[in-house]
2 protein chains.
Amino acid sequence: MLAIAGYQLGIEFRFFDPHSGAPVGQIGELVAAEYTDHEALARFLNDVDVVTYEFESIPLSAVEFVAERVRVYPPLKALQIAQDRLLEKKLFEGLGIPTPPFAPVDSLQELVQGVSRIGLPLVEGFVPFQHELSVLGVRDAKGCEVFYPPVQNVHQDGILRKSTAPAPNVSPEVSALAIDYCRRLMTELDYVGVLALELFSVDGALVANEMAPRVHNSGHWTIEGAETSQFENHLRAVLGWPLGTTALRGTSVMFNIIGHIPSREAVLAVEGAHLHLYGKAPTEKRKVGHVTLVGASPEDLGRATIELERLVARSVTGS
Amino acid sequence: MLAIAGYQLGIEFRFFDPHSGAPVGQIGELVAAEYTDHEALARFLNDVDVVTYEFESIPLSAVEFVAERVRVYPPLKALQIAQDRLLEKKLFEGLGIPTPPFAPVDSLQELVQGVSRIGLPLVEGFVPFQHELSVLGVRDAKGCEVFYPPVQNVHQDGILRKSTAPAPNVSPEVSALAIDYCRRLMTELDYVGVLALELFSVDGALVANEMAPRVHNSGHWTIEGAETSQFENHLRAVLGWPLGTTALRGTSVMFNIIGHIPSREAVLAVEGAHLHLYGKAPTEKRKVGHVTLVGASPEDLGRATIELERLVARSVTGS
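Cut-offs and rules
- Position numbers for residues start from 1 in each chain and track the written sequence from start to end.
- Each chain is given a letter, starting from A, and each ligand a number, starting from 1, according to the order in which they appear as written.
- Residue-level local features of this predicted model are given only where pLDDT is at least 70; pairs of side-chain atoms are given and counted only at 80 or more, and the full residue set underlies all totals for whole chains, interfaces and linings.
- What counts as a helix is a DSSP run of H or I of at least four residues, what counts as a strand is a run of E of at least two, and both are numbered from the N terminus.
- Within these notes, the globule rule equals 2.2 Å times the number of residues to the 0.38 power, and the radius of gyration is based on C-alpha atoms.
- Residue burial is a threshold on neighbouring C-beta atoms within 10 Å of the residue's own C-beta, all placed from the backbone, with 20 or more meaning buried, 12 or fewer meaning exposed, and counts in between meaning partly exposed.
- Each direction from the helix axis to a C-beta atom contributes to the arc, which is the arc of those directions.
- With C-beta atoms placed from the backbone, a contact is any residue pair whose C-beta atoms sit within 7 Å.
- C-alpha atoms of residues with pLDDT of at least 70 in both copies form the basis for the least-squares superposition of the copies.
- Axis definition: a line fit to C-alpha positions, over the contact stretch in the case of helices; interaxial angles, taken between N-to-C directions, run 0 to 180 degrees.
- The labels follow the angle: roughly parallel below 35 degrees, roughly antiparallel above 145, roughly perpendicular from 65 to 115, and oblique for the rest.
- When the near helix sits turned anticlockwise from the far one by under a right angle, the crossing is termed left-handed; a clockwise turn instead gives a right-handed crossing.

Novice: What exactly am I supposed to notice about the overall build of chain A here?
Specialist: Scanning chain A from N- to C-terminus turns up 11 helices and 13 strands. Relative to its length of 319 residues, chain A is compact, with a C-alpha radius of gyration of 20 Å against a globular reference of 20 Å. Viewed in the frame of its principal axes, chain A has a C-alpha envelope of about 55 × 50 × 40 Å. Residues counted as buried form 40% of the 319 residues belonging to chain A.

Here you go:
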């Protein structure tokens, strides 16, 4: 989706992925090699102006290798912190962003101490949240920043199923607070690109869950639902181009397609349904696409939402 | 732009172009060969389900070769007629679609007769039009059809400079008439895909100029300005998938970028400007990109329009 947004802007791309069959190979030049293969990484970097990444499980050593040779955004520090739940929580704490109670556990003794302080069932405290929210910010190297309004997310079995933008039932104050937390993180990290911050809403207060230094699944609705998509804005930020307006085109609902590809004809027959398939073979729990609806209001989307939920639910059970 | 729209739908593409350096080679598999190279055409067709084309100067013999092997849309007949101004005008006449006066000229004698009937300066009669309009229809093999509202176009030196959608100063009756003309053509041709019909508006009447059996420059605004773009709808039609709604997101203005690439930063700094660059090297009079603005109303776009016209005008003079 980054490449598709970038092609429209006249940007040329090269991709790096450990899997030679990665879907991106269908739409551009793919260097397929292990992250530890420095020769391949060097080949990948040939004539490249700037590098970005779109998932945070990439080995830090590979990004370090790249960063010594070519500009890499988001900054290495953000990736390093996002890969370590403890560093991440300490960063949140340091910036006055509430977190669930947590305890570092490196030994049996620390485990016992942690449980006695936080309680069961979890060593990272369980948060009885009302809503899961996320907020996406975009920042460039000069410190310009824009924000998409907070989104309400529904997870199931730990996988994002649905995002609604803007988040309903969230007051302007809570919305502003979420954006403020995201801004604090971006400023502290001297951040460049899209940063996603996931939050729990608990009785009008916000508790930070985690951050993701990349374009984010809960921002896929921006392709049709905002004047500038998260993908285009990430590229603009990374390239030092002016950021685009995040103005909304209405209310958006995005459904993930997981584990099965529903009938394209059935989805496209739903008025206003914007289908996105990623060219991935469907396996259980694998996100293989998403569908977005945009309407003047949530009520506007009612019937189409019900139809799509039915089509996408079939894709979850694989039936 | 067809491929970019198609990638989002999970469609795989292969491209054919006589130029090995064609920009599309950056975003997918390109077979570069002459249109007369049947061996290359056969290689191109390997495992392909359906073929479409996006300009009407393609040699008919190449499309015939393809059509004997794989489904090709828009239909051969539409291409054949669009390549012959006389056949085209006769088709318009036969369907009751007004045309400028015209005369077939194959000899000096016919030229003299033609001039005496039509008058100078042109053997195809000069139309003192008030507006240039175009209307784009989409039709699938089952006869389902949707239409974008007529657009007002501004040409200069025979090149499209600007399209405004919906066309201002056009009554609902004239708008409906334009759509009706387009419908007559699509029905007669048993058409599949996007068909563009260019018209002159003369004192509230419409005179057909020409048709184009393909996605059309005057429909580029649909990428951001309509719920479903002409590119996605062309693909849906060609693949037999349900057509998408053509509902508008507001008023759109599209400017072509011709002969020079303006500063990307300057264009992107205009609020709401959607930049599209085609990866083409700029040469005089070559269309290398376009910019679209979408707003709630034409007044809404006033300031941004003036800024963009200045930036794009610089690209025309090459200064």
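Novice: Teacher, can you tell me more about helix α5 (residues 85–94) of chain B here?
Specialist: What sets the pattern is the α-helix's 3.6 residues per turn: residues three or four places apart point alike. All names here are of chain B. What α5 keeps buried is the set E88, K89, L91 and F92. The buried residues of α5 occupy an angular sector of 155° when the element is viewed end-on, so they sit on one face. Among the structural elements, α4 (76–82) and β10 (205–212) are those in contact with the buried residues of α5. Two residues or fewer past α5, G96 is found with a positive phi of approximately 75°.

Novice: When you look at the relation of the copies chain A and chain B in this model, what are you seeing that I'm missing?
Specialist: Two copies of one chain are present, and they are related through a rotation about an axis combined with an axial shift. Aligned on chain B, chain A shows an RMSD of 0.0 Å; the corresponding rotation is 180° and the shift along the axis is 0.0 Å. Such a combination of rotation and displacement between the chain copies is what one expects of a two-fold axis. Across chain A, the smallest distance between a C-alpha and the rotation axis is recorded for I27(A), namely 2.5 Å. Most of the interface of chain A is mirrored in chain B: 100% of its interface residues are interface residues there too.

Novice: Could you clarify how one ought to interpret the environment of E54(A) in this entry?
Specialist: Residues and elements named next belong to chain A. Following the sequence through the fold, E54 ends up in the loop between β3 (50–51) and α3 (60–67). E54 sits in the partly exposed class, given 19 other C-beta atoms within 10 Å. Residues E54 and Q152, 98 residues apart in the sequence, show an inter-C-alpha distance of 22 Å. Apart from residues lying up to four places away in sequence, E54 is in contact with L2, R214 and V215.

Novice: Where do I start with the packing of helix α2 (residues 38–45) of chain B against helix α3 (residues 60–67) of chain B in this structure?
Specialist: To describe two helices that pack against each other, one gives the angle between their axes and the distance between the axes. Residues and elements named next belong to chain B. Contact pair α2 / α3: the axes reach a minimum separation of 11 Å and the direction vectors enclose 45°. Classified by the angle their axes make, α2 and α3 are oblique. Here α2 runs over α3; the crossing is right-handed. Residues H38, L41 and L45 of α2 form the contact with α3, whose own contacting residues are A62, F65 and V66.

That's the geometry; what it means functionally is another story.
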